[in-house]
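Survey of secondary and tertiary structure
Next come the chains, spelled out residue by residue.
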Amino acid sequence: MNTYELITTRRSTRRFKDTAVPEEDLNEIIEAGRFAPSGGNNQSTHFFVITDKAVLDKLADMAQASFAAMELKEGMYPSLASSIHQSKNGNYRFHYNAPVLVVLANQKDYGNNIADCACALENMMIMANALDLGTCWINQLKWLNEDPGVRELFASFGAEENERIYGALAIGYADTEDGLPVRTPLPRKGNPVTVI
Ligand SMILES: Cc1cc2nc3c(=O)[nH]c(=O)nc-3n(C[C@H](O)[C@H](O)[C@H](O)COP(=O)(O)O)c2cc1C
């Protein structure tokens, strides 16, 4: 696929096979993220690459317990409300049991922290599509940034005191018959373009 096709066929994958992602492919995906632009060439995005199933399960259990303890409020961001609702029902796996989760952190007092992480995430999604791997942006850990358990766990992985999580990417082979991600583009209903 050419670059335009790789971009337009990228879709979110939410069902993954257990199959491990080849190390070589994962390295290319991470490098694609590391080569994303950053504000003022800050290069302060911190990539936590989690492939250990025990760690992923622990993180998913922690997230479920934290969301389950939150109160559902009217007018809440729907995705957050859904995380809380599913957690209260005890069947929530925020990373869709993907075999890889890349968590992106950045300095909390740096103005381009989210933008830099978003650039890295998009680069990684396109690279993964080129390698026939499915991905999904995972936002839940951003909402658990001040959760003591999550802070402690990431501190144990080497997160600095001033780093916070701004996004994550689930990566793996799609649980489809041919193992390829669904690539049918969603119609564009928004994103207006004004040509002057
Ligand atoms: C900033 C951002 C946050 C997102 N957070 C989540 C998330 O937490 N969980 C999830 O399943 N999908 C998440 N997504 C994926 C979107 O739901 C998805 O991109 C959108 O519905 C369009 O579908 P597509 O990716 O298949 O084109 C997120 C996407 C973006 C850009």
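The rules behind the values
Residues numbered from 1 in each chain as written. Predicted model: local features only at pLDDT ≥ 70, side-chain atom pairs only at ≥ 80, totals over all residues. Heavy atoms only, no water. Pairing = 2+ DSSP bridges. Helix = DSSP H or I, 4+ residues; strand = E, 2+ residues; numbered from the N terminus. Axes fitted to C-alpha atoms, helices over the stretch in contact; angles between N-to-C directions. Contact = heavy atoms within 4.5 Å. Near = heavy atom within 4 Å. Polar contact = N/O pair within 3.5 Å; in protein donor to acceptor, adjacent residues only side chain to side chain. Areas by Shrake-Rupley, 256 points an atom, 1.4 Å probe, with all protein chains shown as cover. Nonpolar A, V, L, I, M, F, W, Y, C, P; charged D, E, K, R; others polar. Core = buried A, V, L, I, M, F, W, Y, C linked by side-chain atoms within 4.5 Å. Buried < 20%, exposed > 50% of the residue type's maximum accessible area, 1.4 Å probe, protein only.

1. Points about the sheet that holds strand S4 (residues 163-172)
Sheets are built from strands paired through backbone hydrogen bonds, the pairs being either parallel or antiparallel. Sheet architecture is open: four strands sit in the order S1-S2-S4-S3, paired in antiparallel fashion. Here the strands that pair on one side only, and so sit at the sheet edges, are strand S1 (46-50) and strand S3 (134-138). Averaged over all pairs of adjacent strands, the angle between their axes in this sheet comes to 20 degrees, without regard to strand direction. Relative to S4, S3 runs antiparallel, the two sharing five bridges. Note that in S4 the partner of cysteine 136 across the bridge is alanine 170. On top of the sheet, helix H5 (residues 113-130) reaches S1, strand S2 (100-107), S3 and S4; it is set at about 155 degrees to S2, its chief contact. Its contacts with the sheet place helix H6 (residues 148-156) against S1, S2 and S4, and it is angled at close to 80 degrees to S4.

2. Quick notes on the site of the ligand
Taken together, Arg10, Arg11, Ser12, Arg14, Tyr96, Cys136, Trp137, Ile138, Asn139, Gln140 and Leu186 make up all the residues around the ligand. In the environment of the ligand, an oxygen atom lies 2.6 Å from a nitrogen or oxygen atom belonging to the side chain of serine 12. Arginine 14 is positioned with one of its side-chain polar atoms (N or O) 2.8 Å from an oxygen atom of the ligand. Compared with its free state, where it exposes 620 Å², the ligand has 65% of that area covered by protein. Across the shell around the ligand, the residue classes break down as five nonpolar, three polar and three charged.

3. Overview of the nonpolar core
Leu59, Phe94, Leu101, Val103, Leu141 and Phe154 are the most contacted members of the largest nonpolar core, which has 27 residues in total. Of all the secondary-structure elements, those providing two or more residues to this core are S1, helix H3 (53-68), helix H4 (78-88), S2, S3, H6 and S4. When residues in this core are grouped by element, the largest group, six residues, is from H3. Discounting chain neighbours no more than four positions away, the residues touching phenylalanine 154 are Phe48, Ile50, Leu59, Val103, Leu141, Ala159 and Ile165. By size, the runner-up hydrophobic cluster in this structure holds 21 residues, among which are Val21, Leu26, Cys117 and Leu131.

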